[in-house]
Structures are given as structure tokens and as C-alpha cells.
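Inside the fold
Below are the chains, spelled out letter by letter.
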Amino acid sequence: MIKLENISFDHCIKCTVCTIYCPVARATHHFPGPKQSGPDTERLRIKNPELLDDSLKYCTNCKRCEIACPSNVKIADIIQSSKWRYFKNVFRVRDFFLARTDLMGSVATRVSYLVNFFIKLFPVKFFLDRFMKIPSERRFPKYAQGTFLSWYNKHRKEQEAFAEKAVYFHGCYVNYNNHDLGKDVLTVLNAINVGVIVTDEKCCGVPLIANGYIDKARKNALFNIHSLEKSASAIGARIVSASSSCSFALKHEYPNLLEIDNSAILDDLDYITRFIHERFENGNVPAMKPVPVRAAYHSPCHLERMGGVMNTIEVLKKIPGLDLTILHSECCGIAGTYGFKKEYYKVAQKVGAELFKRIERVNPEIVITDCETCKWQIEMSTPYRVEHPVTVLARAIDGKKL
Amino acid sequence: MRYDCVIIGGGLSGITCGIRLAEKGASCAVISTGMSALHFSSGSIDLFGHEGEGKTVFRPFEFLDDFIGSNPLHPYARCGSSQIREALFYFRDQLGREDIDLYNNDDANHFHVTTLGTLKPTFFSQRSVFNEKIRQAFEKKSKIAALNFEGYRDFYPELAVINLKRNILFRNIEIISGKILYPDYGDPRRNPFEYRSIDIARIFDTERYLEDLAAQIRAAAGDAAFAAMPAFLGITNFKRHHQLLQQLTGLLIYEIPTLPPSILGMRIDNALKSRFAALGGVYIAGDTVKSGTISGGRLESVYTENGGASALGAGNFVLASGSFFSGGLVSEFSRVREPVFGLRVHSDAERSRWYAPEFFPRDGHPFLEYGVETDERLNPLTDDGQRIANLYCIGALLPHYNPIREGSGGGVAVSTGYRAAELILAGN
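Numbering of residues starts from 1 in each chain and follows the order in which that chain's sequence is written. Think of it this way: whatever chain is written first is A, whatever ligand is written first is 1, and the rest follow in order. In keeping with the model being predicted, local features are shown solely for residues with a pLDDT of at least 70 and side-chain atom pairs are shown and tallied solely at 80 or more, while totals for entire chains, interfaces and linings include all residues. Note: side-chain values were computed over all heavy atoms of the structure, leaving out hydrogens and water.

1. Considering the overall build of chain B
Counting from the N terminus, the helices are the DSSP runs of H or I reaching at least four residues and the strands are the DSSP runs of E reaching at least two. In terms of helices and strands, chain B carries 12 helices and 19 strands. Our radius of gyration looks at C-alpha atoms and nothing else; its globule reference is 2.2 Å times the residue count to the power 0.38. By the compact-globule yardstick of 22 Å for 428 residues, chain B fits well, its C-alpha radius of gyration being 22 Å. The principal-axis extent of the C-alpha atoms belonging to chain B is close to 70 × 45 × 40 Å. Relative accessible area decides the class of each residue, using a 1.4 Å probe on protein chains only: under 20% of the type maximum gives buried, over 50% gives exposed, and in between gives partly exposed. In chain B, buried positions account for 57% of the 428 residues. Note on definitions: a residue-residue contact is assigned when non-hydrogen atoms from the two residues lie within 4.5 Å. Summarising the internal contacts of chain B: among those between residues at least 6 apart in sequence, 68% fall at separations of at least 24. Put simply, chain B shows about 17400 Å² of open surface, and 50% of that area lies on carbon and sulfur atoms. Areas reported as accessible are Shrake-Rupley estimates using a 1.4 Å probe. Residue values count occlusion only from the protein chains shown.

As C-alpha cells, then:
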């Protein structure tokens, strides 16, 4: 039985514009492009799942096809849901662990020095490459000691004292890898007189969706919606996230891909630079010291799909002294866990090559981007350091060195 | 978020308008739902190709001087002939800055060959489609070879040759057709029949296969002086690849526009966006304007799908949302409406009068002439008759012209886009 709302592929007029803008189709001939993998073959798969074509696994879910589509077809959603609807669920140790960012994080942060040390060793890399199919070239993000949440809990009282508050969905990366970014969020929001409230949360679901753990992703989605709603509605607060992909999942992937009603929180969700920019526009601009740095800004795919790029750019423009070049919109290639898989590693690097070239042409002191996995990819593939826009803003506010 | 000007629609007219405004220092944002109709266009800019009874217009500016007087509602009449000329050459100059050289036959139209092998009068073409050398070789009645990749389904050289031979201009010219083969990537999973223009353009962009392709082209073309190929000779660096291919083959190579996706149109789209960004314009892709707040005869702000409750404010707005295909106009069973602001639309209440009974009627289909009514300043009216003084309507959204019958779509988009920018700049 075909569900009526699932036939957006019928709106496809075969114009092939999506394939033009697909970074994977540009990088490899093995991927026939979103039109063919999505709307074209979806009508066949509905009739007979055996007509499934392996090549759709190349899709990174960057959503650039949906941005390009003049007919409003949810191309990437069609491809993603086909992956878990029709492929036989084969258990792969690697994919299980890549998908469980919070499980891995909560273990690794207890022994982060050991993990960070061992993961760089040749025999470990060799083992991961050979048996886990995680390419030895891939650099891993470092784990932090302890969690952001435990740090935050020591500061909860002072945050609750603010008259205006925002609920902050910190995500796994801040919790397990980069506490400093979470602290920078506090610095910036406190500077515009907003207290930061952290509530219970689970992984947003992006890596689970990418690796086919849809039931688990649904459970996490329900948990997050409930928890965020409870905590935000109690104090009439908005919900912010500083990870573009977490934010995208909460807003778009929950209803469109996981088919979970997120209307209880939808109107309150803001990617952080939109929240900040709105306050800036209302005259709530903190005192800022110059940050005399030459920077290049890279816009992540999921932030583009959400339409949030202009907010980040406008906020960055307010930082005195910052010499900002906006890079032409290109995908960096990593696409979350995609670039951690040996079978896609080469494609991921080829997708990103155009972006890396453009960064090198600008030759900035730092690159700025909103997405943590874009950061890993750019730092691994180019000699440049990558910072989050909120971090740059926090340095303008606290005057410390960037 | 606030800009000097927000432009709704990122096609030919919208970006042309944005470039002119941004060049004069206005902060501009363009919001575009999906990629524009340029991706489905010939990539040539038509000014005016056919008058009534299908008669070819050879000198479009001279023609327009008379035409405007007797057609006061036509979008060209809203611009005036001197501003149409200014707009077109401004457009050519802007594209030139992005390394796309447009050919024009002075003030006269020239003809480009279509996928079906018919000739279409147009005003500007990319130099790989038409140039002086092509014209000279054609006048000398040199032999032409129409070539294609074996298996490429969006161009049939045999069909094009049959149609060209019917044309009186080609009577004494020898035309042959021929095939070349795709380079071998060793990927048995892809069937070459699946390749579209974009896949092939990427083959040329790699530059790796150019020598092999040149050898094949030379062999297939025999003693012809021209090779006519479908327009897929690359997207980035296409100028260099075109030159290289001509050097390697010793032939004049020209491109014939293909079925979508149009590589020729994409090159123009890329160049316009790049120029707009270089002038500081903000291009918001993949978002749709849903509604706006109108008060006291002015549009104050608009709301988008992604933006939700956050408003986009501006001093002036431009509506360049296109015709039916792009969603600028929506047809319901018995009415045509403008979906964002509910503006007053010129159409017919009786559905059976929307279209002619034949598929290719000489006078064109009436629905193509429907659109948003404006006054001479391109300002529209709301449904209850209120004029919106800071909203300008441009491009395919406008009524009282038939881009297909007249061959005027590109020219109307460019000149009304430029006209709106001039009106906005003069108002400030």
C-alpha cells in the first residue's frame, strides 16, 4: 500500500537539475545521481524491493538536491528512507559504533587520554583499517576528559538566575569532544543577558539515520522532543543548538524522515546564530573587542538546507576587525560518518577537493564553519584551523586570543 | 533581517535586477525556491524573434520602436526602447566580467540551430554557439558534420540534418551526421544511455579524455570544416576546452542547445550568481516566500518557509517568481492566481479559453499571456485594488506578452529586471 504523502516523486519532471548540484555525482561515476537514485527508481522499488540498486548507498544525505529542485521533490528523504526500508539489515560492528556517538562518548570521556593516545598508533590504525574498514588516513576528533554536562552542572545555578533563558541542545560533540564550544555558547548568550539551560538529551539521531538505525533514531527523537518541550515550555524559552546538523535533525529530519511529530517544539527551535542575530537586530549587541583575523567562512550543507547561512554571516559581520571572505558554497565531503568508511573515503575526499582548493586560494588564518564534522574534514585535509562562529564571537566578547 | 531590497526569485530577471542594485551599493537578498528556468533555456538571449503570422524579425530594435507604440501593455512598453538597449548591453557587459562573451550580430538577430535542426532568431549567443568565424564559414558554404555520442538520447543528429536540409539557407551546404564513443571508465554498472548532458560535460571538464575525443571527432567529421556538437563541452573552463578541442581537431566546433539540463543556461546562471556575490549580494537558495505584511500600500516584510516567524524586511521588494512552471502563477480549475500576495492577475475566468486546440497554434496559447497586472512603474495591485508602491513585478510573471510566439522571453526578463532596478534607484 502506497501512503499518499510518500509520493512526492510524482512531482519530479525529470529535469535533472538535482544531479547537476549533487556533489557525489560530480565526484564519481558510480553514483548515477539523485534523480535516478531517488524519484526514478523509487517507483520501481515500491513495486518490487528487489529492483533496489546498490549505488544509492553513495548518497551522503547532504540535501543539496532538495535545495536545487524546482518542483519541491524531497529527493534526499526518498533516498534515505529507501536505504533502511529496502536494504536487508546486516549488522556491522563498525556502523554500530559509528552510529552510537553518545555510547562511544560516555565511555571514551572516562579514559580520554588513553583513547586519544591509542587511536593514533599505527597498529590500532592498521587494525581499524583492515578489520573495521575505517581508513587509516582518517583522523579522529579528540575526546575530552569528562562531559560538558558535568561541567555545566557546576554552573547551573548562575545560569538559572538570568531573567531570560534559552534551552541549549549541546549535542554529542560538545558533550564528549569539545567542551570549550559549549562554554563559548554560555559566554555569548550571557553577554546578551540570556541564561543557558541544559536539559536531558540523547543523540539527535543524525548518525543513527545515516547508518540505518531508524528505530533507535525514533526513540531518541521522541525522548528529545519530550524533554526539550518540557523544559522550554516551563520557562517560556526558545531552544537553541550550535550544531547545524543537530539543529537540522530536530527541525526537519524528525517530521520528514522519521515521520515523528515535532510540532510541540518546532516553533521554538533556533539554530544559534538566528537566535543571536535577532537579538543583535533588536539592539541587544554586547561590547566587542576587535578580532583582527583573516577568516574564510564555509557554509555547511545542512545549514544551507535550513536557510540559516545568512544569520551566521550577518553575526560574523558584526565582529570588529574580522576580515571575512565567504567561500563559494561547496560540500566538504565528510557527511558525518560517511567519510569514516573505507568504501567511501576516496569519494568523500574528492567531493571536498573543490572546497579545499578554494580555501587554499584565500589562504586565511582560520576557517569558520558551523558544523563539527566539516571542521574535522577541513582540518584533516588542509593546513588550516577551523573554529565555530560562536567561538569567534566569544573571543570578541571576552577579549581572549582566538 | 533587513535589506535595502529583497528579490523574490533567482532567475534571469531577478539576478539581473539584483546585480544592478548591488552594483549601485544597495544591500540585496535574492530568495530562490529551486534552480531557475535558465537550466531549461537555450542559453541564448532572445530579444524579439517573430512578429504576427510567424514572420521573422531581423532587426529587433527597429521593430520594437513601432511595436511599443501599438502595444502599450507589453512589458517592453514598460521599459521603453532606449532602456531595453541599455539593459541588454549592460547584461552583456556584466557577463563579460565573469568571462562569458556574448556574440551579437550588431543590431540584427542571428540564428542558432535548435536540437531539432530548426533555426531560431536570437540576439545574444555564447561564442561557442555562434561567432564571426562560424558566419564566414557558413557564407563560404563549408561542409558541416553533426556529431553525437553513441547512445546519448537528448540529441539525434540525423533528425537535425533532415530538418536543416529542408531550410533554404542550407540548400547548397553538405551536411553529414556521425557518432563518437564515450571514453571507457571501466564501470560496467553505468549504462551510457543513462548519461545526460551534465554527465558528459563533466567528462570534458576532466580534460583527461580531450585528445581521445578530438581524434574521434576528426575521424567522424571527415573533410567537414564544422563539427556541430550538442552543448555539453564542459561547465568550468569550457572556454579553454572549446579552444583546445578546436586546436586538436582543426575544426570549427559549435554547440547546439540540448534538452534539459541546459549546460549553456547553467553557464549563464553560474556567471550571474558569481557576479551578484562579488558585488555583495546575498543569495538564499532552497527557500520559498510564503506571505508578506502589506500596510498603507507598502510591503513591509515577507516570511519564508525556513524562516518561520522571523520576518525579512526591506525598503523595496521585487517579485520575479516566474510563470506557471516556476510557481509564480498557480492555476486552479477555474482561476489563475498569484500565490504569495494574492495580487491581481490578468487571465480568463473560462478555462476552455486558456488554451488553443492545437499544440503549436500560430497565435500561441492564451495562458502564456496571463500574469500579474502592473501599472507603468511595474507596481502591482492587491486583489482589493490597492497599489503596492514598493513592490516591482518583473520577468515571466508579467502578462500581455507571449515569450514562445514572440521569442522574447530572455529580453523581457533582462530589460524588466534592469528597469525595476532603475526605478528603485531613482526613487532613493
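2. Points about the environment of B:Lys141
Residue and element names in this part refer to chain B. With respect to the helices and strands, the residue Lys141 is situated in the loop between α5 (132-139) and β7 (144-149). Sequence separation between Lys141 and Phe170 is 29 residues; the distance between their C-alpha atoms is 8.2 Å. Once residues lying within four places of it in the same chain are set aside, the contact partners of Lys141 are Leu169, Asn172 and Ile173.

3. Looking at unusual backbone geometry
For the bond from B:Pro260 to B:Pro261, the omega torsion is 0°, close enough to zero to count as cis. Mapped onto the fold, B:Pro261 is located in the loop between β10 (252-256) and α10 (263-278). Despite not being glycine, A:Lys133 shows a phi value in the positive range, around 60°. You can see A:Lys133 is positioned in the loop between α9 (122-132) and α10 (148-160). Within the chain, B:Lys141 stands out as a residue other than glycine whose phi angle is a positive 60°. Among the residues examined, B:Lys141 registers a relative accessible area of 41% and is labelled partly exposed.

4. Here we look at the pattern of salt bridges
Within this document, salt bridges are pairs made up of a side-chain nitrogen of Lys or Arg and a carboxyl oxygen of Asp or Glu, the two lying within 4 Å of each other. Taken as a whole, this structure holds 47 salt bridges over all chains when the rule is applied. The partner of A:Glu379 in a salt bridge is A:Lys375, with the nearest N and O atoms 3.3 Å apart. Placement of the pair is A:Glu379 and A:Lys375 together in helix α21 (residues 372-381), with a separation of 4 residues, close to one helical turn. Judged by its relative accessible area of 16%, A:Lys375 is buried. For B:Glu369, the salt bridge goes to B:Arg405, with nearest N and O atoms at 3.3 Å. With B:Glu369 in the loop between β17 (345-346) and β18 (371-372) and B:Arg405 in helix α11 (residues 403-406), this residue pair connects regions lying 36 residues apart in the sequence. Given a relative accessible area of 23%, B:Glu369 falls into the partly exposed group. When salt bridges with common partners are traced through the structure, they connect A:Arg26, A:Glu330, A:Glu354, A:Lys357 and A:Arg358 into a single cluster.

5. Some details on the side chain of B:Glu406
All names here are of chain B. Structurally, Glu406 is set in helix α11. The definition of a polar contact used here is a pair of N or O atoms within 3.5 Å, where within protein one atom must be able to donate a hydrogen and the other to accept one, and adjacent residues in sequence count solely through side-chain atom pairs. A polar atom in the side chain of Glu406 sits 3.0 Å from the side chain of His74. Leave out the neighbours within four places in its chain, and Glu406 touches Phe48, Gly49, His50, Phe67, His74 and Tyr401.

6. Re the state of the cysteines
Residues and elements named next belong to chain A. What counts as a disulfide here is a pair of cysteine sulfur atoms lying within 2.5 Å. Enumeration over the complete set of coordinates arrives at 0 disulfides over all chains. We note that Cys59 lacks a disulfide partner, and the nearest cysteine sulfur, in Cys65, lies 6.4 Å from it. Residue Cys59 is classed as buried on the basis of its relative accessible area of 9%. You can see Cys65 has no disulfide; the closest cysteine sulfur is in Cys62, sitting 6.2 Å from it.

7. A look at the packing of helix α12 (residues 179-191) of chain A against helix α22 (residues 389-398) of chain A
Relative orientation and spacing of two packed helices are given, respectively, by the angle between their axes and the distance between those axes. All names here are of chain A. In the contact formed by α12 and α22, the axes pass within 9 Å of each other and the chain directions differ by 55°. Comparing the axis directions of α12 and α22 gives the class oblique. As for the relative orientation of α12 and α22, their crossing is left-handed in sense. Residues Leu181, Asp184, Val185, Thr187, Val188 and Ala191 of α12 lie in contact with α22, whose contacting residues are Val390, Thr391, Leu393, Ala394, Arg395, Ile397 and Asp398. Only the stretch in contact is used when a helix axis is fitted, and all axes are lines through C-alpha atoms; the angle between N-to-C directions ranges over 0 to 180 degrees. Should an angle lie under 35 degrees it is considered roughly parallel, over 145 roughly antiparallel, and from 65 to 115 roughly perpendicular; all remaining angles are considered oblique. When the near helix sits turned anticlockwise from the far one by under a right angle, the crossing is termed left-handed; a clockwise turn instead gives a right-handed crossing.

8. Points about the interface of chain A and chain B
Listed per partner, the contact involves 34 residues of chain A and 33 residues of chain B. Two parts placed together each lose some accessible area; with a 1.4 Å probe, that loss summed over both constitutes the buried area. For chain A, the biggest contributors to the area lost against chain B are A:Ile20, A:His29 and A:Met310; these three give 24% of the whole. Inspection of the region where chain A meets chain B yields 11 residue pairs in polar contact (both at pLDDT 80 or more). Within the residue set of the side of chain A that touches chain B, elements represented by two or more residues are α1 (17-20), α2 (23-27), α3 (34-47), α4 (64-68), α17 (272-281), α18 (301-306) and α19 (309-317) of chain A. Per element, the largest residue contribution to the side of chain A that touches chain B is 4 residues, and it comes from α17(A). Residues are grouped as follows: Ala, Val, Leu, Ile, Met, Phe, Trp, Tyr, Cys and Pro are nonpolar; Asp, Glu, Lys and Arg are charged; all remaining types, including Gly, are polar. By residue class, the composition of the side of chain A that touches chain B is 16 nonpolar, 9 polar and 9 charged.

9. Thoughts on the side chain of B:Asn402
Looking at the secondary structure, you find B:Asn402 in the loop between β19 (391-393) and α11. Among the polar contacts listed, one links the side chain of B:Asn402 to the backbone nitrogen of B:Arg405, at a separation of 3.0 Å.

10. Digging into the environment of B:Leu391
Residue and element names in this part refer to chain B. Along the polypeptide, Leu391 turns up in strand β19. Residues Leu391 and Tyr156, spaced 235 residues apart in sequence, show a C-alpha to C-alpha distance of 45 Å. Leu391 has contacts with Leu299, Phe317, Val318, Leu319, Phe341, Leu343, Leu378, Asn379 and Pro380, leaving out every residue within four places of it along the chain.

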